[in-house]
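# Coordinate analysis (summary)
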Amino acid sequence: MTIKLRRALTAAAIAPVLFALGACSGSVSVDTGGYDPADVADQVQKAQEKATPDLEVTDASCPDDSEPEKGASIECTVSIEGVEAPYTVTFTTVTDDDVKFDIAPAQAIISTDKVVDYLVQEATDQGIEAAEADCGEDAIIVQDPDTTFGCTLYMGDETQDVTLRVKDLDGTVALES
């Protein structure tokens with residue numbers, strides 16, 4: 001027998017945004033050595049480390065073949081607990097001495113633990129005792145807005161598969177009905 005959670009649960013929106021890295025700015029000095037994408041990657045990694053201080057953030061990289069132009073964007077990546085997350089770096093100022101840019105996630109970065117906690121809390125609020133949830137092994141979920149991912153809710157011997165839709169780049173998700 002599968003227990004269905006009430007419709008109120010399936011319509012609820014949640015915002016497990018612990019790892020959302022809103023737009024932030026960075027700058028690198030060009031000096032005489034020219035523009036170095038590794039310096040930009042380093043700033044992307046530092047911004048993510050600040051947003052997720054309890055998680056391992058490694059392997060930031062930006063394309064080596066890019067030449068910064070005002071208004072142009074490049075896609076960089078960083079690994080968060082082994083999951084690759086893309087970032088958009090948009091150049092805002094480019095001079096002979098300085099390159100300034102904005103950093104924003106290219107996909108939603110969602111805390112798996114926050115989603116699990118939410119599902120367990122919703123089940124508990126509906127009177128389901130000793131509920132547990134599983135959304136996979138990864139510490140984060142990285143997905144585009146308007147895509148879905150699945151979790152499993154365990155209630156004793158019963159299970160229910162639930163589907164969650166990513167609403168926006170901030171990591172807001174909603175249960176599908």
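Residues numbered from 1 in each chain as written. Predicted model: local features only at pLDDT ≥ 70, side-chain atom pairs only at ≥ 80, totals over all residues. Heavy atoms only, no water.

## Structural notes on the confidence of the model for the protein
Close reading of the predicted structure is inappropriate where its pLDDT is low. Per-chain confidence: the protein averages 82 in pLDDT, with 80% of residues scoring 70 or above. Element-level mean pLDDT values for the protein span from 39 in helix H1 (residues 7-11) up to 95 in strand E3 (residues 57-61). Confidence over residues 6-13 falls short of pLDDT 50; this stretch has 14 contacts with residues more than four positions distant or in other chains. (pLDDT = per-residue confidence, 0-100. Helix = DSSP H or I, 4+ residues; strand = E, 2+ residues; numbered from the N terminus. Contact = heavy atoms within 4.5 Å.)

## Describing the nonpolar core
Counting residues in each nonpolar core, the largest one holds 22 residues, and the members touching the most others are Ile80, Tyr87 and Val89. Elements that contribute at least two residues to this core include exactly helix H2 (37-51), strand E4 (73-80), strand E5 (83-94), strand E6 (98-105) and strand E9 (140-143). Looking at which element gives the most residues to this core, the answer is E5, with five residues. Apart from residues lying up to four places away in sequence, valine 89 is in contact with Val40, Val44, Ala72, Ser73, Ile74, Cys76, Phe101, Asp102 and Ile103. (Core = buried A, V, L, I, M, F, W, Y, C linked by side-chain atoms within 4.5 Å. Buried < 20%, exposed > 50% of the residue type's maximum accessible area, 1.4 Å probe, protein only.)

## Topic: helix H3 (residues 112-125)
Side chains of residues three or four places apart in an α-helix project in the same direction, reflecting 3.6 residues per turn. Taking 1.5 Å of rise per residue, 14 residues should cover 20 Å, and H3 covers 20 Å from first to last C-alpha, within 8% of that figure. Along H3, the residues that are buried comprise Thr112, Val115, Val116, Tyr118, Leu119, Glu122 and Ala123. End-on view of H3: buried residues confined to an arc of 160°, all on one side of the axis. The first or second residue beyond H3 is glycine 127, which carries a positive phi of 85°. (Expected span 1.5 Å × (residues − 1). Arc of directions from axis to C-beta.)

## Brief notes about unusual backbone geometry
Positive phi values are uncommon outside glycine, yet glutamate 81 reaches one of about 50°. Classification of glutamate 81 as partly exposed rests on a relative accessible area of 35%. Of note, alanine 130 is a non-glycine position whose phi angle comes to about 55°, a positive value. Tracing the backbone shows alanine 130 in the loop between H3 and strand E8 (131-134). For alanine 130, a relative accessible area of 64% translates into the label exposed.

## So, the state of the cysteines
Applying the stated criterion across every chain yields a total of two disulfides. Across a sulfur-sulfur distance of 2.0 Å, cysteine 62 and cysteine 76 are joined as a disulfide pair. Its torsion about the S-S bond being 110°, the disulfide of cysteine 62 and cysteine 76 is classed as right-handed. With a gap of 14 residues between them, cysteine 62 in the loop between E3 and E4 and cysteine 76 in strand E4 connect regions that are remote in the sequence. Per residue, the accessibility class of cysteine 62 equals that of cysteine 76, and both read buried. Note on cysteine connectivity: cysteine 135 is disulfide-linked to cysteine 151, with sulfurs 2.0 Å apart. (Disulfide = S-S within 2.5 Å.)

## Concerning the pairing of E8
Judged by which residues are buried, E8 turns out to be one-sided: Ala131 and Ala133 face inward and are buried, whereas Glu132 and Asp134, on the alternate face, are not. Strand direction decides the pairing type here: E8 and strand E10 (residues 148-155), joined by four bridges, are antiparallel. Each bridged residue has a counterpart across the sheet, and for aspartate 134 the counterpart in E10 is threonine 152. (Pairing = 2+ DSSP bridges.)

## Some details on the pattern of salt bridges
A pair can form between side chains of opposite charge whenever their charged atoms are brought close. Tallied over the entire structure, the rule returns four salt bridges. Aspartate 98 is paired through a salt bridge with lysine 100; the nearest N and O atoms lie 3.6 Å apart. Lysine 100 gets classed as partly exposed once you look at its relative accessible area, which sits at 36%. (Salt bridge = Lys/Arg side-chain N within 4 Å of Asp/Glu carboxyl O.)

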